[in-house]
Structures are given as C-alpha cells and as structure tokens.
Amino acid sequence: MTERHIIHADLDAFYAAVEQLDNPELRCLPVLVGGPAEKRGVVATASYEARNFGIHSAMPMAIAKRLCPHAIIKPPRFDRYRELSTCVMQIFSELTPMVEPMSLDEAYLDITESVNQGQKPLQIGIDLKNKIMTSTGLVISIGIGTNKSISKIASDLGKPDGLVIVSAGNEANFLSPLPVRRLPGIGPKTMSRLKDDGIFTIGQLAALEPHWFLRKFGKRGLDIRAKAHGQDNEVIHTTRLSKSISAETTFPEDLDNLEIIQLDLFKLIDKVTNQLTRRNLLCKTITIKMRLSDFTTFTRQSTFDRATRSREELIHSAVNLLKKEMQPDRSFRLIGFGVSNLKAEEQLSQLPQQMALF
Ligand code: DCP
Ligand code: MG
C-alpha cells in the first residue's frame, strides 16, 4: 500500500465551547454543560477553564460543583450543537470527499490525494483550523499521520488548539515515550494489567514479542502490537452516515407515561418508514434512543431475521424495547428512532426469480 495521510480532527470541549461562543460573557470562565445536580445530572462537557479544577466528562454534577462552586452550569442545546457540527463536517468535505464522522465533533479525513498533488500536511492543517475558526468560531485540534491510530493519538496529544504532525517513518519514535493508555483500545482495565507487568510506555510494549501479546490478549493482541509499532491499516469509511435513517423528538416537558411516549414514537416511525419507502430501502436493525431527565442518553437495538419496512413490525419491535426501559423512577426528555443495516429492495426481490431458474 502506498503511503497515506490521515487527519483526525476533534473540536475542543465542544458543547462548552458552543456555550462560550453564543454567550460571550462566559468566555474564559469555567463552564459545565450537563444535567442539574438536583436531578443527579452528569457533566457532558467541561470547558478547559473548568478542567483546571479536576472536572471531567461523565463526572456527577454534584461533585463538579463541589470542586468548582463558581462554575457556570448550562443545560445542553443539542439542536445547536448539531447545527454547528453540520457546518464543520461541510468544511471537511470541501477538503476531501473521504470523511468519516465519528461523532458530532470528530472525524477522520483522508488527504492522501492533496498531499500527492504537492500540498504540505502542515499547511493543510493550518488552513483547516483557520477555516473552522473563521466560519464557526470554534477551535479544533488536528492530528496528522500515516494512519488513523497515529492521527487520533496526535490530535489528543495537542489538545487544546493542537496541530501535531507525525511524519512517515517516525511513528514508532513518536509513540515510544507515551503512556500505554494513549493507544486506542487500551482502557483502564488493560492499563492496570500492563502496569502489573511493569509496562508503562508504548515503547516498552512495542519491544515485546508477538507470542507475548497472543498469550496476554488472545487474537486482539496482534492488533495491539501493530498499533504499538505505529501500524494501522484501517481505512476511512465514508458511507458511515448514510447507512442509517433516524428521527428524534424532544418533549416540551419530561414524560413518564408509556402511552404518551408511544404516540411520539409512532410519529417518528412513520417519518422513518416514509424515508425508507421513498428510497426503496428495507432495514434489518432498529434502534431507539432515549434521554432521561438527568440527560443520561442511551440506545437500545433489535435486529430482525430478515429485512423489512413494515410499519407494524417496526412498531412492535420498538415498543418492546421501549417497555423494557420504562421504570418507576424514570422520566424522559427525548426519544429517537432509527433504522440501520439497510438493503435495497431490488436485491431481495431478485432472489426468488434467480432461484426459479433452477
Ligand atoms: N460527551 C458527552 N459525554 C461524554 C463525553 C462526551 O456527552 N462522556 C459529549 C460532550 C462533548 C462531545 O460529546 O462536548 C465531544 O466529546 P469529546 O470526547 O470530543 O470531548 P470534548 O469535545 O468535550 O473535549 P475535548 O475533545 O477537547 O477533550
Ligand atoms: Mg472534542
């Protein structure tokens, strides 16, 4: 494979940065976005000013308030975050069609072609950061390397307002002094297992033989070893977003009644099935998304044996998922419905005809 050039781009303290952008009086202040402490809410994002107090994402808001009593707490405005995310993704796609969004504020971009045509990765990175700042007012951190894993580590390392480039051939040197937790796929559990073996840096890990990785981690071990050496062949998956169709709605007030929530769910299912019909698609998997009053957000999925877009089947399956999540102490702010694992209808209808030939 010829050498690739991959960008990992990730907005800094995204939700909090948007609040500071839209409310200039909050700039340079500790800002927390999340659910209220009284409702057992958690921190979704802490501005970098708030992180100085030891506050981080997923921390209970009550604890965050104790660490920094003068922090300003804002409820999330997901529609606004989505709107800015769309602008940022649009800017990415002007640079290259090969964009893989990973979440609202993060994407991989393959810029190999631009580099092959003579552009310098450093200049591409500077231009992209400037463009996002002038068009949206947001700060983005960028990592550039020869594969996804390297560029992700590079963008994390430079935060906030980072631009870190790892040139080809320098991957192993770049990684060597870094702590093992920087490697994608090494969570706190794996980290503590490695610590027990006296392994703290990626360089120490990379020095071990393949059979050690196999013994320690099974098949996954060879993947970890390759990443520790700075190797990763994973490609950019550009179709990620169009592989699903979804709709969601935020209730005017929190709801805890199954019948009432169902009515909204049916409307969402209608919206999605209309889209499926229009695009001549069937789905195999459905997802419901729920946001509780404390802003905790989660999804539940169910997969059919065969692809469908029957309204009755989708409703039956979605309501089953919903019922399991209705619990006495829960009320809901938002519900979403989505379908994925999509198939074109023609592909399926061709099957019986082909079989009839035999
Ligand atoms: N998010 C969340 N709950 C989490 C982590 C993140 O709701 N446990 C949301 C809020 C973040 C957004 O997703 O603003 C992006 O997540 P990141 O992990 O990229 O974190 P940030 O952008 O907030 O900070 P940074 O990327 O600068 O570390
Ligand atoms: Mg981010």
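Residues numbered from 1 in each chain as written. Chains lettered and ligands numbered in written order. Predicted model: local features only at pLDDT ≥ 70, side-chain atom pairs only at ≥ 80, totals over all residues. Heavy atoms only, no water.

1. Regarding the site of ligand 1
In step 1: Contacts to ligand 1 come from 13 residues, most closely from Ala 13, Thr 45, Tyr 48, Arg 51 and Asp 105.
In step 2: Between ligand 1 and Asp 10 there is a distance of 3.1 Å, counted from an oxygen atom to a side-chain nitrogen or oxygen.
In step 3: A distance of 3.1 Å separates an oxygen atom of ligand 1 from a polar atom in the backbone of Leu 11.
In step 4: In the complex, the protein chains occlude 67% of the 550 Å² of accessible area that ligand 1 would expose alone. (Near = heavy atom within 4 Å. Polar contact = N/O pair within 3.5 Å; in protein donor to acceptor, adjacent residues only side chain to side chain. Areas by Shrake-Rupley, 256 points an atom, 1.4 Å probe, with all protein chains shown as cover.)

2. Observations regarding a nonpolar patch on the surface
In step 1: The grouping of Phe 53, Ile 63 and Leu 67 at the surface amounts to a nonpolar patch, some 230 Å² of accessible area in total.
In step 2: Within the secondary structure, Phe 53 sits in the loop between α2 (48-51) and α3 (61-67).
In step 3: Classification of Phe 53 as partly exposed rests on a relative accessible area of 32%. (Patch = residues over 30% accessible without salt bridge, like charges linked within 9 Å, V, L, I, M, F, W, Y side chains within 5 Å. Salt bridge = Lys/Arg side-chain N within 4 Å of Asp/Glu carboxyl O. Helix = DSSP H or I, 4+ residues; strand = E, 2+ residues; numbered from the N terminus. Buried < 20%, exposed > 50% of the residue type's maximum accessible area, 1.4 Å probe, protein only.)

3. A word on the packing of helix α11 (residues 210-217) against helix α12 (residues 220-228)
In step 1: At their nearest, the axes of α11 and α12 sit 7 Å apart, and the two run at 130° to each other. In terms of their interaxial angle, α11 and α12 are classed as oblique. Remark: the crossing between α11 and α12 carries right-handed chirality. Of the residues in α12, those in contact with Pro 210, Phe 213, Leu 214 and Phe 217 of α11 are Arg 220, Gly 221, Leu 222, Ile 224 and Arg 225.
In step 2: Classifying every residue of the contact of α11 with α12 gives six nonpolar, one polar and two charged. (Axes fitted to C-alpha atoms, helices over the stretch in contact; angles between N-to-C directions. Parallel < 35°, antiparallel > 145°, perpendicular 65-115°, else oblique. Left-handed = near helix turned anticlockwise from the far one by under 90°. Contact = heavy atoms within 4.5 Å. Nonpolar A, V, L, I, M, F, W, Y, C, P; charged D, E, K, R; others polar.)

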